[in-house]
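Given next are the chains, with one letter for each unit.
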Amino acid sequence: MSYDPSNIFAKILRGEIPCDKVFEDDHALAFKDIRPQAPVHVLIIPKGAYVSSSDFSAKASAEEIAGFTRAIHAVAEKMGVLDAGYRLIANTGANGLQEVPHFHVHLLGGRALGPMLTRPR
Ligand code: 5GP
């Protein structure tokens, strides 16, 4: 799948659409999810044009991967969830129900999150 620069997170990165920003550095932007599913629900996205987790893992440079991983830690620290714990989710592709085709990691916390997956319907 090729990268579609008209996706909503690309627009947020270009400043065409507002976001509730939590963190930004050279490698990543993090902002609150518009439909939060926990008291803390932040989306962390790389600045590069990567469709998905697998696209990022396969193609990003070591510097981008390290920078993105550090950004996740910085967001967890900033949101105050390091001690209590949190969950990272990277929905990927059709079976992962990925909605937005720009790689993103959900950081969820602020309460006990329960089982990892709901039962299949
Ligand atoms: P996915 O299912 O692709 O892993 O998750 C996409 C997430 O992006 C969803 O949780 C959805 O609520 C969030 N989202 C979609 N559009 C917007 C938007 O315009 N702004 C923000 N902040 N979040 C969005």
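Bear in mind the structure is a predicted one, so any value in this text is a computation, not a measurement.

What counts, and where the lines are drawn
- Residues numbered from 1 in each chain as written.
- Predicted model: local features only at pLDDT ≥ 70, side-chain atom pairs only at ≥ 80, totals over all residues.
- Heavy atoms only, no water.
- Near = heavy atom within 4 Å.
- Polar contact = N/O pair within 3.5 Å; in protein donor to acceptor, adjacent residues only side chain to side chain.
- Areas by Shrake-Rupley, 256 points an atom, 1.4 Å probe, with all protein chains shown as cover.
- Helix = DSSP H or I, 4+ residues; strand = E, 2+ residues; numbered from the N terminus.
- Nonpolar A, V, L, I, M, F, W, Y, C, P; charged D, E, K, R; others polar.
- Salt bridge = Lys/Arg side-chain N within 4 Å of Asp/Glu carboxyl O.
- Buried < 20%, exposed > 50% of the residue type's maximum accessible area, 1.4 Å probe, protein only.
- Contact = heavy atoms within 4.5 Å.
- Phe/Tyr/Trp six-rings, centres within 6.5 Å; stacked < 30°, edge-to-face > 60°.

Another aspect to go through is the site of the ligand. In the neighbourhood of the ligand, 16 residues make up the surrounding shell, with Asp33, Asn91, Glu99, His104 and His106 lying closest. Within the side chain of Arg35, an N or O atom sits 3.5 Å from an oxygen atom of the ligand. Between Glu99 and the ligand, the recorded distance is 2.6 Å, taken from a backbone N or O atom to an oxygen atom. Protein burial of the ligand: of its 520 Å² of free accessible surface, 90% is covered by the chains. Sorting the residues of the shell around the ligand by element identifies α1 (8–13) and β2 (28–32) as the ones contributing at least two each. Considering every element that reaches the shell around the ligand, the biggest residue donor is α1, with three residues. For the shell around the ligand, the per-class residue count stands at eight nonpolar, four polar and four charged.

A separate point is the pattern of salt bridges. Taken as a whole and assessed by the stated rule, the structure comprises five salt bridges. Among the salt bridges present, the one from Arg14 reaches Glu16, with a minimum N-O distance of 2.7 Å. The salt bridge partner of Lys59 is Asp55, with a shortest N-O separation of 2.8 Å. With Lys59 and Asp55 both in helix α2 (residues 53–59) and four residues apart, the pair spans about one turn of that helix. Looking at Lys59, the relative accessible area reads 59%, which means it is exposed. Each of Lys21, Glu24 and Lys47 takes part in a single network of salt bridges with overlapping partners.

Relative to the helices and strands, Lys21 resides in strand β1 (residues 21–24). Linking Lys21 and Ala10, residues eleven residues apart in sequence, is a C-alpha distance of 14 Å. Not counting residues up to four positions away in its chain, the partners in contact with Lys21 are Leu29, Ala30 and Phe31.

Taken as a whole and assessed by the stated rule, the structure comprises five aromatic pairs. Seen in terms of ring centroids, Phe9 and Phe31 are 5.4 Å apart; in terms of plane orientation they differ by 75°. Their pairing is edge-to-face. You can see Phe9 sitting in helix α1 and its partner Phe31 sitting in strand β2, a full 22 residues away along the chain. One exposure class covers both Phe9 and Phe31, and it is buried. Members of the aromatic cluster, each reached through a chain of ring pairs, are Tyr50, Phe56, Phe68 and Phe103.

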